[in-house]
Amino acid sequence: MTEIDRTAGWAEAAVREHAAENAAASREEQVLERIDRARRRKARVKEEHITMAHGSGGKATQTLVEAVFLEAFRNPLLEPLEDGAVFGVGSSRLAFTTDSYVVSPLFFPGGDIGDLAVNGTVNDLAVCGARPLYLSAGFVLEEGFPVEDLRRVTASMARAADAAGVSVVTGDTKVVQRGKADGCYVNTAGVGLLDRPADLGVARARPGDAVVVSGPIGEHGVTIMLARGELDIEADLTSDTAPLNGLTAALLDASPTGVRCMRDATRGGVATILNEIARASGVAVVVDEDAVPVRPAVRGACELLGIDPLYVACEGRMVTVVAGPAAGTALAALRAHPLGEGAAVIGHVKDDPPGLVLLRTAFGGTRIVDVLVGDPLPRIC
Amino acid sequence: MRFVDEYRDADKARALSARIASLCEPGREYKFMEVCGGHTHTIYKHGLEDYLPETITLVHGPGCPVCVIPMGRVDDAIHIAEQPGVVMTSFGDMMRVPGGRGSFFDSKARGAEIRMVYSPLDALKVARQNPDRQVVFMAIGFETTAPSTAMTVLRAAAEGIGNFSVFCNHVTIIPAIKAILDSPDLRLDGFVGPGHVSTIIGCRPYEFIARDYGKPLVVAGFEPLDILQSIYMLLLQLAEGRSEVENQYSRVVPWQGNVRALRAISEVMELRPYFEWRGLGFISHSALRVRDRYAAHDAERIFQIPGGRVADPKACQCGEVLKGVLKPWECKVFGTACTPETPIGTCMVSSEGACAAYYNFGRFSRERVREATR
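Counting starts from 1 at the beginning of each chain's written sequence and moves along it residue by residue. For this description, chains carry letters from A and ligands carry numbers from 1, given in the order in which they are written. pLDDT decides what is reported in this predicted model: residues at 70 or higher carry local features, side-chain atom pairs at 80 or more are listed and counted, and totals for whole chains, interfaces and linings draw on all residues regardless.

**Focus: the overall build of chain A**
Okay, step 1: Check the secondary structure of chain A and you find nine helices and 14 strands.
Okay, step 2: Structurally, chain A occupies a C-alpha span of about 100 × 50 × 45 Å along its principal axes.
Okay, step 3: Counting across all 381 residues of chain A, residues that qualify as buried make up 46%.
Okay, step 4: Partitioning the contacts of chain A with sequence separation of at least 6, the portion at a separation of at least 24 is 83%. Secondary structure counts use DSSP, requiring at least four H or I residues in a row for a helix and at least two E residues in a row for a strand, with both numbered from the N terminus. To sort residues by exposure, count the other C-beta atoms lying within 10 Å of each residue's C-beta; 20 or more gives buried, 12 or fewer gives exposed, and values between give partly exposed, all with C-beta atoms placed from the backbone. Here contacts are defined at the residue level, using C-beta atoms placed from the backbone and a cut-off of 7 Å between them.

Below, the structure is given as structure tokens:
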């Protein structure tokens, strides 16, 4: 074989190899595209019965909401699936929302089902940009539930309503037989007035925007997990349950046009909210793991359980998307408020790849942050 | 946070990454299998592949406890759970694993009492609190979790808790590795060895891999720097023409293992003649059952179980994925028919399964993401 032949042979092999590599790469890309299409397909509930996953706030909940509730009630106000509906009445714009509370245990460090039920609905109104005004309260009580406990719950609701500047103006009571409920369930609905000019929505994030959280995440979820007493882990932690309407008002006053979207990070945590934003806005959200505020006790418990704090519920924290140039002002306004002292910019909005939340890990790698199917399940070993 | 952050230091990772790159022979492709699902999880969760040259491929092995449970055993467990008076207890990971008749979650929705526990001792607690119910623990996992199952059976026997039993599905890692080494369609350059399994069995059982198959194995910890260092140690062995068993995880793994734990296992359990592994088929002497003397705590003896074999769905290629022959995305149904919401195969269920890890953490085009995260 001559030198030229040998070189030609080598070159040919190199070309073949390169082509094979390209084919492999494009095959993976094709699969990724196929998956993307599958994910955009209409949601269908495949289960015959409701499972606990349907209540987790993750993909199973989304599917149930879209395939059953949205299918049945479809209308332009419901369709955006925001935390509340916003509509005009006369010359005013109102926000309207409802939420049910079935937390166990009823009383936990830092709060109870009562203040949770008030703050949760107040927060859903606040993140719509509304000033919360009036709440309703519905109680489902189990036969045998101590009246003393009910008094504790209602006293706590009254205190929370006072703190948030709202009144409970109507209500309902039902009692069910022993064993048909777990002590006490509470439903609240709320009405608020949009008296600020903001234009908010989960679909309004644009490339260049900054993503801000209002404080350390995951405290409510971990507190509840520990309060159930199943884990034999002890930590000095309390729920973060708090009314956010003061914080949202301060933010909107500081930057009336810079705020694109606010969401309170309840079930499913910050990760789920970011996914909703990425999907609805058709953008990529890039998060820096190092920048996400997490208290050591929450991080420690999550490490032990193999759970990611990004998926753990908060009841007094919000995720905000603000226009890039307004980020400084917005952050300063949040930090000036007692409930926003720990606020931090955790990431930015990019144009590509649309619909994905990406994490730059503290270790220096990259990965996706997806929506979980159900509740985060502790790992085996 | 102490004992965590020092093993996730990005500066050290960059330094290791450079040393790894300098050890790679130009033009040579390397394939290393990480045996443990825990390693797979770490690799994806921290984005570890960003630190590796493209010539190194990590192949995800069979060491995901949930992934290797065959569908028939899930059906048997559900059959037990649906007997009157039974409380089934299970690790969280197991709850979504589908059998032929759905998963524990589905069975729970149909009315069975299935509780999630964090350890078999919690299951024993449930048995103490419910003396009129038969409390069954769904025992799964490799040698890592077998000792805690054995200790719990010993305690139940000592305390005379007659209403507690285990449905034993414990498997052993060595036969699975051997099955992979003997599989003709796979070429590996070395193993990132199991970490937690090795805390129990030690490093000696792997010596045949280095000696008889000529493949280096480095027992590795579960933090991202542990895995990077192990890959460096594997490359160093290859560069120096060695094939040995080395222990990167020496802060936790003693060379001779945990004798007390091994004694507890062998007191309570014995090897089964054969056991079916999801995707890998029947492997002889690869699983554990409860010994005769603890029959009173063995759910397989207490209940009439159907013991049927359920063939994996035709479209499912979990076996190829578990053996590392296919990458998750190369499976025909990956991400379309088989997703974390509606898993067909077990690899898509556990967060340690290769498919779930790729789907949840790695499902993106490297190039576009590099652009976005720059």
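**Concerning the UniProt feature "domain: PurM-like N-terminal" (unreviewed entry) in chain A**
Okay, step 1: UniProt positions are given in the numbering used here, feature names are shortened, and annotations may be inferred rather than shown by experiment. The UniProt record marks residues 82-193 of chain A with the feature "domain: PurM-like N-terminal" (unreviewed entry), using the residue numbering of this structure.
Okay, step 2: Within the segment residues 82-193 of chain A, helix and strand shares are 29% and 46% respectively, and the terminal C-alpha atoms sit 16 Å apart.

**Some details on the domain arrangement of chain A**
Okay, step 1: The domain boundaries here were taken from an automatic or database domain assignment. Its domain assignment divides chain A into domain 1 (52-81), domain 2 (82-193) and domain 3 (210-368).
Okay, step 2: A straight line from the C-alpha centre of domain 1 of chain A to that of domain 3 of chain A covers 23 Å.

**A word on unusual backbone geometry**
Residues and elements named next belong to chain A.
Okay, step 1: The linkage connecting S104 with the following residue, P105, adopts the cis geometry, with an omega of 0°.
Okay, step 2: As for its placement among the helices and strands, P105 is situated in the loop between β2 (92-101) and β3 (107-108).
Okay, step 3: In this chain, D352 is followed by P353 through a cis amide linkage whose omega measures -5°.
Okay, step 4: Inspection of the secondary structure assignment puts P353 in the loop between β12 (344-350) and β13 (357-360).

**Section: the environment of B:R368**
Okay, step 1: Tracing the backbone shows B:R368 in helix α15 (residues 366-373).
Okay, step 2: According to the C-beta neighbour criterion, B:R368 is partly exposed, with 17 such atoms within 10 Å.
Okay, step 3: Each C-alpha atom, one on B:R368 and one on B:G195, is 34 Å from the other, the two residues being 173 residues apart in sequence.
Okay, step 4: Those residues in contact with B:R368 that lie beyond four places of it in its chain are A:D352 and A:P353.

**Some details on the interface of chain A and chain B**
Okay, step 1: Taken together, the 44 residues of chain A in the interface contact 48 residues of chain B.
Okay, step 2: Of the residues forming the side of chain A that touches chain B, the biggest block, seven residues, is contributed by helix α1 (residues 3-40) of chain A.

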